[in-house]
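Understanding the architecture of this molecule
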Amino acid sequence: MTGNVTPSKAFVGATIFDGHKRHENSTLLTNGHIVSKIIPSQDVPPGMQTIKFEGGLLAPGFVDLQVNGGGGVLLNDRPDVAGIETICAAHAQFGTTSLLPTLITDNYDVTHAAVAAGIEATQKAVTGFIGLHLEGPHLSVARKGAHDGTLVRPMNRDDLNFLKTSRAALPHLMTTVAPESVSNAQIFELTQAGVVISLGHTASTYETAVAAAASGVKAVTHLFNAMSPLTHREPGLVGAALETDNLSVGLIADGIHVHPAAISIALGAKKGPGRIFLITDAMSTIGTNQQSFTLNGRTITRDSGKLILEDGTLAGADLDMITAVRFMANTVGISTDEALRMAALYPAQCIGDDSIGHLQTGAIANMVHLDDALAIQSVWTAAQQIH
């Protein structure tokens, strides 16, 4: 082998979870950076480079569709390639091998700089980078949460054209919008251009949310948080998210943003092809001992697992993906396999990317090796160890 070609490898010694099912006494083969197949361990061809694990579980690398920061960096503060690289590297140590750096509502200059950085990161093939998530500015002031209300505004034609042009230059582009600020016609036009639309930060009625879903919305941003709640006469966005089959739903599983009982109820209610998937909504604190930082000039403090503004408003999450997986398995009580699907397969399906989130033939060999306590032992991207 010469140049940057990754040699074929055999990953042996661990139970393999391919994103759908487990394989015991099996070996995962890679051909360069791609999964070739999973075979019985006794059938491994001679002469292959062998990576041997002492037990544990080999699972798909995690896919996080909402990552505001990490490694001491917020994308809003560092909307450049170096910022994106730092964020991706910070989350890799926690098993996230594919992510969407997320820009919280900001001004035109910062938004355009972030997209330009995303395009450059695509051209440089930054490890872990699969596109961008623009959370705002087309939200509802009534449900703005930690977003700066002075920057929230309706979508106009220039905004729409900018998103369409940006999507054409990025692997994936997701944006969180509120129906109060974006019309169904705009939603339809954006989805036709390949933009993944997610509803969030909205006081939308159930009927309005269902109509937006019929116009092409694919997801809902951080279920239960910053949205109209489920009540017995007005189901709100929560009701629409759980009842509409084709909507996928992001969830912050830290025990702070959503009570475990509410998570269990949501999991029981959600049916159809749209799934509940895990997001971290992580801020710059991940992978650091940082105790405070600023967003749009406002101080956010790290306090016992929470990130809060001075008025007590939650501002993102102090959460990494493997911690969310453990919370789902150990506290909410779902199976380990389903928790892993929520961290990898389901978010990949939400954005329509069948090259990640699983370890079946043809997938990129992004993998995480876990011990029996779901602690990370190693992380692999394109069959290369990165942690």
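Conventions adopted
- Residues numbered from 1 in each chain as written.
- Predicted model: local features only at pLDDT ≥ 70, side-chain atom pairs only at ≥ 80, totals over all residues.
- Heavy atoms only, no water.
- Helix = DSSP H or I, 4+ residues; strand = E, 2+ residues; numbered from the N terminus.
- Pairing = 2+ DSSP bridges.
- Axes fitted to C-alpha atoms, helices over the stretch in contact; angles between N-to-C directions.
- Polar contact = N/O pair within 3.5 Å; in protein donor to acceptor, adjacent residues only side chain to side chain.
- Parallel < 35°, antiparallel > 145°, perpendicular 65-115°, else oblique.
- Left-handed = near helix turned anticlockwise from the far one by under 90°.
- Contact = heavy atoms within 4.5 Å.
- Nonpolar A, V, L, I, M, F, W, Y, C, P; charged D, E, K, R; others polar.
- Buried < 20%, exposed > 50% of the residue type's maximum accessible area, 1.4 Å probe, protein only.
- Lys, Arg positive; Asp, Glu negative; His and termini not counted.
- Salt bridge = Lys/Arg side-chain N within 4 Å of Asp/Glu carboxyl O.

With respect to the helices and strands, the residue D77 is situated in the loop between β10 (73-74) and α1 (81-92). D77 sits 17 residues away from P60 along the chain, and the two C-alpha atoms are 31 Å apart.

Attention shifts here to the sheet that holds strand β5 (residues 34-40). As summarised here, the arrangement of the four strands in space is β5-β4-β1-β6, forming an open sheet in which the pairing is mixed. Here the strands that pair on one side only, and so sit at the sheet edges, are β5 and β6 (49-52). Averaged over all pairs of adjacent strands, the angle between strand axes in this sheet comes to 25°, irrespective of strand direction.

A separate point is the side chain of S284. Within the fold, S284 resides in the loop between β17 (276-279) and β18 (292-295). For S284, the side chain forms a polar contact with the side chain of Q290, separated by 2.7 Å.

Turning to the packing of α1 against helix α2 (residues 108-124), a few remarks are in order. The geometry of α1 relative to α2 is characterised by a closest axis approach of 8 Å and an angle of 65° between their N-to-C directions. On the basis of the axis angle, α1 is roughly perpendicular to α2. The two elements α1 and α2 cross, and the hand of that crossing is right-handed. Contacts between α1 and α2 involve V81, I84 and E85 on the former and, on the latter, A117, G118, E120, A121 and K124. In terms of residue class, the contact of α1 with α2 is built from four nonpolar, one polar and three charged.

The next thing to look at is the pairing of strand β19 (residues 298-303). One ladder, built from four bridges, connects β18 with β19; its direction is antiparallel. Of the residues in β19, the one forming a bridge with T294 is T299. Hairpin connection between β18 and β19: a loop of two residues separates the two successive antiparallel strands, and N296 in this loop has a positive phi of roughly 50°. Summarising the sheet, β19 and strand β20 (residues 306-308) pair through three bridges and their orientation is antiparallel. Bridging from a neighbouring strand, R302 pairs with L307 of β20. Taking the residues between adjacent antiparallel strands as the criterion, β19 and β20 are bridged by two residues, where S304 takes a positive phi near 50°.

A word on the side chain of D254. Take D254: it is sitting in the loop between β16 (248-252) and α7 (260-269). Despite its burial, D254 pairs with no opposite charge; the closest candidate is K306, at 9.5 Å N-O. Engagement of the side chain of D254 in a polar contact is seen with the side chain of H257, the distance being 2.9 Å. Apart from residues no more than four positions distant in its own chain, D254 is found in contact with A317, L319 and F327.

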